[in-house]
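Coordinate inspection notes
The residues making up each chain are set out below.
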Amino acid sequence: MYSKKIMQRFLKPKYAGKITNPDGVGTAGNPQCLLPEEKVHTNPGLIKISDLNNGKVLNYEGKYSEVLNSFNRKYEGKIIRLKNKLGTVSITSEHLVYAIKLPKHEKYFRTKNKKKLIPSWYHAEDLEKGDIALYPITQKEEDLDFIDLDVPKLKFDFKSKDLPEKIPVNGDFLRLSGYYLAEGYISERKCHNCVSLTFNSKEREYVEDVVNISKRLFGIIPAVKFHNEKNIVRITINSARLARFFKRLFNKGADNKSIPSFMLFLPISKQKDLVRGLWRGDGYVNLNRNAPRAGYSTISYHLAQQLKILLLRQKVVPSIYEENEKIVRGVKHRKSYRIHVGQRDSLSRICSILGIEYNPKSFASVDSWFNNSHLYTPITGIEKKDYSGKVHNLEVENTHSFVSEAFTLHNCGDVMEVYLKVKNGVIQKIRFNTFGCGMAIAASDALCEMAEGKSLEEAEKITSQDIVKHLGGEVPPIKVHCSILGMETLRKAIKNYKEKKK
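Summarised in this report is the structure supplied together with it. Since this is a predicted model, take the numbers as computed values, not measurements.

**Quick look at the overall build of the chain**
The helix and strand inventory of the chain stands at 13 helices and 28 strands. By its C-alpha atoms, the chain is 90 × 55 × 45 Å across when sized along the principal axes. Each of the 502 residues in the chain was classed as buried or not, and the buried ones make up 53%. Counted over contacts in the chain with a minimum sequence separation of 6, partners at least 24 positions apart contribute 71%. Here the chain has roughly 24,100 Å² of accessible surface; of this, 48% comes from carbon and sulfur atoms.

**Topic: the environment of Gly184**
Along the chain, the position of Gly184 falls in strand β12 (residues 184-189). In this structure, the C-alpha to C-alpha distance between Gly184 and Lys252, residues 68 residues apart in sequence, is 9.7 Å. In contact with Gly184, other than residues within four places in its own chain, are Tyr179, Ser196, Leu197 and Lys257.

**What to know about the pattern of salt bridges**
One pass over the full model with this rule turns up 30 salt bridges. With a closest N to O distance of 2.7 Å, Lys166 and Asp148 form a salt bridge. Highlighted residues: Lys166 in strand β11 (residues 166-168) and Asp148 in strand β10 (residues 146-148), separated in sequence by 18 residues. Overall, Asp148 belongs to the partly exposed group, its relative accessible area being 39%. Between Lys247 and Glu188 there is a salt bridge, with its nearest N and O atoms 3.1 Å apart. Taken together, the positions of Lys247 in helix α5 (residues 240-250) and Glu188 in strand β12 put the pair 59 residues apart, joining distant regions of the chain. With a relative accessible area of 37%, Glu188 lands in the partly exposed category.

**A word on the pairing of strand β16 (residues 283-286)**
Side-chain direction in a regular strand flips from residue to residue, so the side chains alternate between the two faces of the sheet. For β16 and strand β17 (residues 293-298), the ladder comprises four bridges, and the chain directions are antiparallel. Its bridge partner being in β17, Asn286 is matched across the sheet by Arg293. Count of turn residues in the β16/β17 antiparallel hairpin: six residues.

**Some thoughts on the environment of Arg289**
On the secondary structure map, Arg289 appears in the loop between β16 and β17. Looking at Arg289, the relative accessible area reads 34%, which means it is partly exposed. A polar contact of 2.5 Å, which involves the side chain of Arg289, links it to the backbone oxygen of Ala291.

**A look at the nonpolar core**
A general tendency of soluble globular proteins is for nonpolar side chains to be buried together. Within the largest apolar cluster, 92 residues are counted, with the highest numbers of intra-cluster contacts made by Phe245, Phe246 and Trp279. Here the element with the most residues in this core is helix α3 (residues 171-183); it accounts for seven residues. Once residues within four sequence positions are removed from consideration, Phe245 is found in contact with Ile147, Asp148, Leu149, Val151, Ile167 and Phe173. If you look at the next biggest cluster of nonpolar residues, it comprises 33 residues, including Met439, Ala440, Ala443 and Met450.

**Description of a positive patch on the surface**
There is a patch of like positive charges on the surface, built from Lys107, Arg110, Lys112 and Lys116. Looking at the element boundaries, Lys116 is found in the loop between α2 (111-114) and β8 (120-123).

**Section: the sheet that holds strand β1 (residues 24-28)**
The strand order β1-β27-β28 describes an open sheet built from three strands, whose pairing is antiparallel. Every other strand in the sheet has two partners, leaving β1 and β28 (426-435) as the edge strands with one partner each. Strand-to-strand twist in this sheet, taken as the mean axis angle between neighbours without regard to direction, amounts to 15 degrees. Note that strand β27 (residues 415-423) and β28 share nine bridges and pair antiparallel. What sits directly across from Val415, in β28, is Phe435. Contacts between helix α10 (residues 438-451) and the sheet are confined to β27 and β28, with β28 contributing the most and set at about 175 degrees to the helix.

**Examining the sheet that holds strand β18 (residues 319-323)**
Ordered by their spatial adjacency, four strands build an open sheet running β16-β17-β21-β18, and the pairing between neighbours is antiparallel. Where the open sheet ends on each side, the last strands, each with one partner, are β16 and β18. Strand after strand, the sheet turns through a mean of 20 degrees between neighbouring axes, direction not considered. The pairing of β17 with strand β21 (residues 336-341) spans five bridges and is antiparallel. When the sheet's bridge partners are listed, Ser297 is paired in β21 with Arg338. Along the sheet face, helix α7 (residues 268-282) touches β16, β17 and β21 and points at about 85 degrees away from the line of β17.

**Topic: the packing of α3 against α7**
Here α3 crosses α7 at 30 degrees, and the two axes come no closer than 7 Å. Put simply, α3 runs roughly parallel to α7. Read as a crossing pair, α3 and α7 show a hand that is right-handed. Facing Gly171, Leu174, Arg175, Ser177, Gly178, Tyr179, Leu181, Ala182 and Glu183 of α3, the residues of α7 in contact are Lys270, Asp273, Leu274, Arg276, Gly277, Leu278, Arg280, Gly281 and Asp282. Grouping the constituent residues of the contact of α3 with α7 by class yields six nonpolar, five polar and seven charged.

Basis of the calculations
Going along each chain's sequence as written, the residues are numbered from 1 onward. Only residues with pLDDT of at least 70 are given local features in this predicted model, and only at 80 or more are side-chain atom pairs given and counted; all residues enter the totals for whole chains, interfaces and linings. Side-chain metrics in this entry use all non-hydrogen atoms of the structure; hydrogen atoms and water are not considered. Secondary structure elements are defined from DSSP: runs of H or I of at least 4 residues count as helices, runs of E of at least 2 residues count as strands, and each element is numbered from the N terminus. Type-normalised accessible area, obtained with a 1.4 Å probe on protein chains alone, sets the label of each residue: buried when under 20%, exposed when over 50%, and partly exposed for intermediate values. Any two residues having at least one pair of non-hydrogen atoms within 4.5 Å are treated as being in contact. Using a 1.4 Å probe, accessible areas were evaluated by the Shrake-Rupley method; residue-level cover was limited to the displayed protein chains. By definition here, a salt bridge exists when the distance from a side-chain nitrogen of Lys or Arg to a carboxyl oxygen of Asp or Glu is within 4 Å. By the convention used here, strands pair only if DSSP detects at least 2 bridges between them. Within 3.5 Å is the distance limit for a polar contact, defined as a pair of N or O atoms, with the added protein rule that one can donate a hydrogen and the other accept it, and that residues adjacent in sequence qualify only through two side-chain atoms. By convention a nonpolar core is built from buried Ala, Val, Leu, Ile, Met, Phe, Trp, Tyr and Cys residues, the set being connected through side-chain atoms within 4.5 Å. In this scheme, patches are assembled from residues that exceed 30% relative accessible area and form no salt bridge. Like charges are connected within 9 Å, while nonpolar side chains (Val, Leu, Ile, Met, Phe, Trp, Tyr) are connected within 5 Å. The charged-residue count follows a simple rule in which Lys and Arg add positive charge and Asp and Glu add negative charge, with His and chain termini not counted at all. By convention, the charge on Lys lies at NZ, on Arg at CZ, on Asp at CG and on Glu at CD. Note on geometry: axes are C-alpha line fits, over the in-contact stretch for helices, and angles between N-to-C directions span 0 to 180 degrees. Each angle is binned into one of four classes, with values under 35 degrees roughly parallel, values over 145 roughly antiparallel, values of 65 to 115 roughly perpendicular, and all other values oblique. Throughout, a crossing is termed right-handed when the near helix is turned clockwise from the far one, and left-handed when it is turned anticlockwise from it by less than a right angle. Each residue gets one of three labels, nonpolar for Ala, Val, Leu, Ile, Met, Phe, Trp, Tyr, Cys and Pro, charged for Asp, Glu, Lys and Arg, and polar for the others, Gly among them.

So, to be careful, I would describe these as geometric facts and stop short of saying anything about function.
Here it is in structure tokens:
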């Protein structure tokens, strides 16, 4: 990861240490940066950062890295809340976010010019509305041909039909899984455990699909009952063993439902059937409105976030909204999570998955786009507020990054101190004390070498690019922030000296 020059400075820094009675001291960095309720993408779901001590988290490359440590501390100051299509995150102002900072030039109003810009790590306080946040597409892929139906038949279960010991992980099973996650529930009455699904009476195509899948996979002919007064059709697959299997696989209760982790990593081609079943159950497509769009709704937060991962892998841009509990026409509606798809190329992909013909007539309006590894989407809102309480952060192996609900974040675990001895406006001696990675230490050492012997005015002009150049210019993109931290720390030390001088 590091060049030979960086490794030499990391292993044998010349300027490490402290200065007794320094004329100026600068400190920069903040190792704990997220509010306790902020959620982090783990394998397989999102967990509050305050509850996360170990395991694996999704990193900026779309892969999974081990959590080496977790931190928390008392913090009082400004918190910045960033918002985009995927959600929000509340972080301290110095926390680093993977993004593209748009230059102030009218040519960057055009998406084709934005695509030419190179992403980097920016402090939250430096970002503005319209800047582009990067969000990783999960790169892990593991195919699975069969899943064991390892739920034993109970001793006194004389009714349940014998089931195959292995179920093929094919289009039928994945589509049925999607139908169940959207429309299914487990009935656990005495001597009658079963899997049930409910559809609108107009959705006979889906009813037939479920019936045929049940026959093919389990050899069970479901009971189908039409309730004309309620305009619904109820399908019942009578098998206590299958009911226990579905309960273990998908969890019980509409607000607790989630996709099992192995399905999140299946090949993209297979996942289309899972998305198809989900969307047929709780989704819609409306191509007749002025701005055609598709939508999906669920009361399960985890299911909404997992569907986000599936859609990103299909190169579909989702917009996720939280809708509070409300009463409509006397009917109580629980808090729900809505996913909208409106961007033309994304809507085309959803229609293709669902087998719906879509012939767009308008010009495409593109504010978000994909490459092979990331979604690029604009920051749509920034709020600042005062906060007093605990903040949290993680130390993540190798990539030093993790992914929240809507943004990609750096460890931000580097803290740097710089000490100055100044005589006649010239830095006579400079030393550093850095807690951080190898690059942070190398950048600190290079900074000191550049600043020693320079006047304060000359030292203040040292930029992060100068530090990178001094290190040979071979700095990994994820580590460029270390040079920024060095630049800021030196400037704070000079400012501290000038304030003392006054």
